[in-house]
Amino acid sequence: MEKGYAMSIARDLSVFLTGVSLADISPQALQHAAMLISSTVASAAAGSSIASASITRDLSKDRGGTPEASIWFDSGAKLPVCDAARVNAVMSDAAASDDSDLRNIVHAGTPLVSTSLALAERTGASGQDVLAAIVLGYEASGRIGEAITPVFQTRGFHGCIVAIFGGTVAASRLLKLDGAHMAQAIAISATSIGGLRTAADTSVAREYHAGLATMLGIQAALAAQRGYTAEENILETPRGFFAVYGDTDGASVTRGLGDSWDIVTDMAVKLVPGGHPSHALAEAAGNAARVGQIAPDDVETITLSRPGATELTGPIHPVDLIDMAHSPAYFLAAGVADHGFSWLHATEAKITDPVIHQLIDKVRVGMPPTQDVERYKQGATVTIQTKNGRTFSNTVFAPKGAGSLGIDWADVDAKYRTLVPMGPMSEQQIEKSLEVIHDFSNAKHVSELVCLLQT
């Protein structure tokens, strides 16, 4: 028996992840990986002109280095793989329009896609290689994240401490590391990353975290490839990763490997902007308002009911994109005011809309639901009471775009066509790149897509 095998969670997980073939992965999982590419690129286009992304891009260009991978929506020279991937991840996260694991609202797709496309440019990997790397990276981050949820959040840590493992595994897979070397990459990642949730909730530290998770994950895989070793048992050892972040031994991480894929069951693509926990709020509020044909002036109260919710969190009256992304009150009021929620609600005009802000003052938190509690996956029930005594309620158990509900390519394509022009890209580039993404499993080289993302 190989030394260390069956003695560390990182090794057991890595032996499985390196042994999976493309044929072992379900077609639905591979399709979700392609959708994740589309969603991440679209979000990056929306974030490409945000100041945090521009600063990161300029710093990386100033530093320069070996030309290995491309910055999306940029016609300049290629950069070292870590730098290019970091810039692309910051762009995607900056727009608050990427993906989420609905168990813990970790945005694993941003570092996964940024890492996989950049490493594939360097290694010459095919579309199939990239899709498999994304599925397996999502599996690793999902399992590790689930083991420490919700303790890591209540202790104040940000989801980047989970997201890093997705990029690490994807990079390791594309570098063709064996189980022993991938285990070391995971171990190095576990002791490399940090991030405070409160900073991410109130500032552009959120996308800085995403960039670091991406860069450090790739560096961990590259270091392991060259023989760098860390404490392989760091995940489960006393005072190790699982103990510090989750008060757990992490034994659940390796149970049932291959029985299902987290990218199918727990991934959700954002089909509107902002924090994923608020998407179902806006959806339910819009549904109730449409059914009741309720005008803003008709509203007496808007009441939210969801498991665990006892008070409104985040900024009550948002003033910018960061506030808006973390304001449940805004999502509820906007859903009622406009009978729905869309990409327009991330614009300054909507964030400062006086009609929405008047309705925000009518938002209340009611008693948490007592029936079907287990069905709420970041879901909510919203009740609108009008001034003349009418009441309309709607329940959304999981937001549209959740993998558990089934994701429609038409919705993903609509997101892409709405956001990617902000890159900017021509209509011809948009349609051709979408065609490549849909058929990514047949792409011989990732350049078939990346070349279309240059402006």
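In case you missed it, the structure is sitting above this.
Summarised in this report is the structure supplied together with it. (Residues numbered from 1 in each chain as written. Predicted model: local features only at pLDDT ≥ 70, side-chain atom pairs only at ≥ 80, totals over all residues. Heavy atoms only, no water.)

A count of helical and extended segments in the protein chain gives 21 helices and six strands. Principal axes of the C-alpha set define a box for the protein chain whose edges measure 75 × 50 × 40 Å. Of all 455 residues assigned to the protein chain, the portion counted as buried reaches 58%. In the protein chain, of all internal contacts separated by at least 6 residues, the share reaching a separation of at least 24 is 76%. (Helix = DSSP H or I, 4+ residues; strand = E, 2+ residues; numbered from the N terminus. Buried < 20%, exposed > 50% of the residue type's maximum accessible area, 1.4 Å probe, protein only. Contact = heavy atoms within 4.5 Å.)

Remark: helix H4 (residues 81-94) packs on helix H5 (residues 109-123), axes separated minimally by 8 Å, with the N-to-C direction vectors making an angle of 150 degrees. The pairing of H4 with H5 is recorded here as roughly antiparallel in orientation. Here the hand of the crossing between H4 and H5 comes out right-handed. Facing Val81, Ala85, Asn88, Ala89, Ser92 and Asp93 of H4, the residues of H5 in contact are Thr110, Ser114, Thr115, Ala118, Leu119 and Arg122. The class makeup of the residues in the contact of H4 with H5 is five nonpolar, five polar and two charged. (Axes fitted to C-alpha atoms, helices over the stretch in contact; angles between N-to-C directions. Parallel < 35°, antiparallel > 145°, perpendicular 65-115°, else oblique. Left-handed = near helix turned anticlockwise from the far one by under 90°. Nonpolar A, V, L, I, M, F, W, Y, C, P; charged D, E, K, R; others polar.)

With that settled, the discussion passes to the nonpolar core. Judged by nonpolar contacts, the single largest core of 115 residues is most densely connected at Ile37, Trp261, Ile263 and Phe440. Core analysis: the second largest hydrophobic core is formed by 32 residues, Leu281, Ile302, Tyr330 and Ala333 among them. (Core = buried A, V, L, I, M, F, W, Y, C linked by side-chain atoms within 4.5 Å.)

Here the focus is the sheet that holds strand S5 (residues 380-386). Think of a sheet as strands paired side by side through backbone hydrogen bonds, with each pair either parallel or antiparallel. Spatially, S4-S3-S5-S6 is the arrangement adopted by the four strands of the open sheet, whose pairing is mixed. Taken across any chain shown, the strands that pair with only one partner, and hence form the sheet edges, are strand S4 (363-365) and strand S6 (391-396). Mean inter-strand twist for the sheet, computed between neighbouring axes without regard to direction, equals 20 degrees. Taken together, the three bridges between strand S3 (residues 299-305) and S4 define a ladder with parallel strand orientation. Looking across to S4, one finds that Thr303 is bridged to Arg364. Sheet strands in contact with helix H14 (residues 279-292) are S3, S5 and S6, and its direction is about 145 degrees off that of S6. Contacting S3, S4 and S5, helix H16 (residues 328-338) runs over the sheet at an angle of about 130 degrees to S3. (Pairing = 2+ DSSP bridges.)

Along any regular strand, the residues point their side chains to alternate faces of the sheet. Most of S3 is tucked away, with five of its seven residues classed as buried. Sheet topology note: the S3/S5 ladder contains six bridges and is antiparallel. Within S5, the position partnered with Leu304 by the bridge is Val382.

Proximity of charged atoms lets side chains of opposite charge pair with each other. According to the stated counting rule, one finds 20 salt bridges in the structure shown. Between Lys61 and Asp74 there is a salt bridge, with its nearest N and O atoms 2.7 Å apart. Of this pair, Lys61 sits in helix H3 (residues 51-63) while Asp74 sits in the loop between H3 and H4, placing them 13 residues apart in sequence. For Asp74, a relative accessible area of 10% translates into the label buried. Counted as one network, the salt bridges with shared partners bring together Asp101, Arg103, Glu146, Asp262 and Asp266. (Salt bridge = Lys/Arg side-chain N within 4 Å of Asp/Glu carboxyl O.)

Here we take up helix H9 (residues 179-190). With twelve residues, H9 extends 16 Å between its outermost C-alpha atoms, agreeing within 8% with the 16 Å of an ideal straight helix rising 1.5 Å per residue. Taking burial as the measure, the twelve residues of H9 include eleven buried ones, the bulk of the element. For H9, the set of buried residues is Gly179, Ala180, Met182, Ala183, Gln184, Ala185, Ile186, Ala187, Ile188, Ser189 and Ala190. Check the buried side of H9 and you find it contacts helix H1 (9-19), helix H8 (160-174), helix H11 (205-225) and helix H12 (241-246). The N-cap residue of H9 is Asp178: its side-chain oxygen and the backbone nitrogen of Ala180 are 3.3 Å apart. (Expected span 1.5 Å × (residues − 1). Polar contact = N/O pair within 3.5 Å; in protein donor to acceptor, adjacent residues only side chain to side chain.)

Angle between the axes and distance between the axes are the two parameters that describe a pair of packed helices. Between H8 and H9, the least distance of the axes is 10 Å, while the angle of their chain directions is 155 degrees. When the axes of H8 and H9 are compared, the pair comes out roughly antiparallel. In this structure, H8 crosses over H9, and the sense of that crossing is right-handed. Facing Ile164, Phe165, Thr168, Val169, Ser172 and Arg173 of H8, the residues of H9 in contact are Met182, Ala185, Ile186, Ser189 and Ala190. Here the residues of the contact of H8 with H9 are counted per class, giving seven nonpolar, three polar and one charged.

This part covers the packing of aromatic side chains. Per the counting criterion, the structure on display carries nine aromatic pairs. When the ring of Phe241 is compared with that of Phe242, the centres are 5.8 Å apart and the planes differ by 80 degrees; the resulting orientation is edge-to-face. Each of the two residues, Phe241 as well as Phe242, counts as buried. Taken together, Phe157, Phe165, Phe241, Phe242 and Tyr245 form an aromatic cluster joined through their ring pairs. The aromatic ring of Tyr208 is capped on one face by Arg86, whose charged end is 5.3 Å from the ring centroid. Cation over ring: Arg375 sits above Phe397, and NZ or CZ is 3.9 Å from the ring centre. (Phe/Tyr/Trp six-rings, centres within 6.5 Å; stacked < 30°, edge-to-face > 60°. Lys NZ or Arg CZ within 6 Å of the ring centre and 35° of its normal.)

Let's shift gears to the environment of Gln184. Turning to its location among the elements, Gln184 is positioned in helix H9. Through-space distance from the C-alpha of Gln184 to that of Ala10 is 7.7 Å; in sequence the pair is 174 residues apart. Sequence-distant contacts of Gln184, defined by excluding residues within four places in its chain, comprise Ala224, Tyr228, Thr229, Ala230 and Glu232. A distance of 2.6 Å separates the side chain of Gln184 from the backbone nitrogen of Ala230, its partner in a polar contact. Within polar-contact distance, the side chain of Gln184 engages the side chain of Glu232 at 3.4 Å.

This part is about the pairing of S6. Sheet topology places S5 next to S6; six bridges connect them, and they run antiparallel. Looking across to S6, one finds that Ile384 is bridged to Phe392. Linkage of S5 to S6, two consecutive antiparallel strands, is achieved through a turn of four residues, within which Gly389 is found at a positive phi near 95 degrees.

Before going further, it helps to spend a moment on unusual backbone geometry. For residues other than glycine, phi is negative in most cases, and the peptide bonds are mostly trans. Here the bond from Thr149 into Pro150 is cis, since omega is 5 degrees, no more than 30 degrees from zero. Here Pro150 is to be found in the loop between helix H6 (127-148) and helix H7 (151-154). A cis amide bond links Gly423 with the next residue in sequence, Pro424, at an omega value of -5 degrees. Of note, Pro424 is situated in the loop between helix H19 (409-419) and helix H20 (427-438). Unusually for a residue other than glycine, His339 sits at a positive phi of about 55 degrees. Relative to the elements of secondary structure, His339 occurs in the loop between H16 and helix H17 (348-351).

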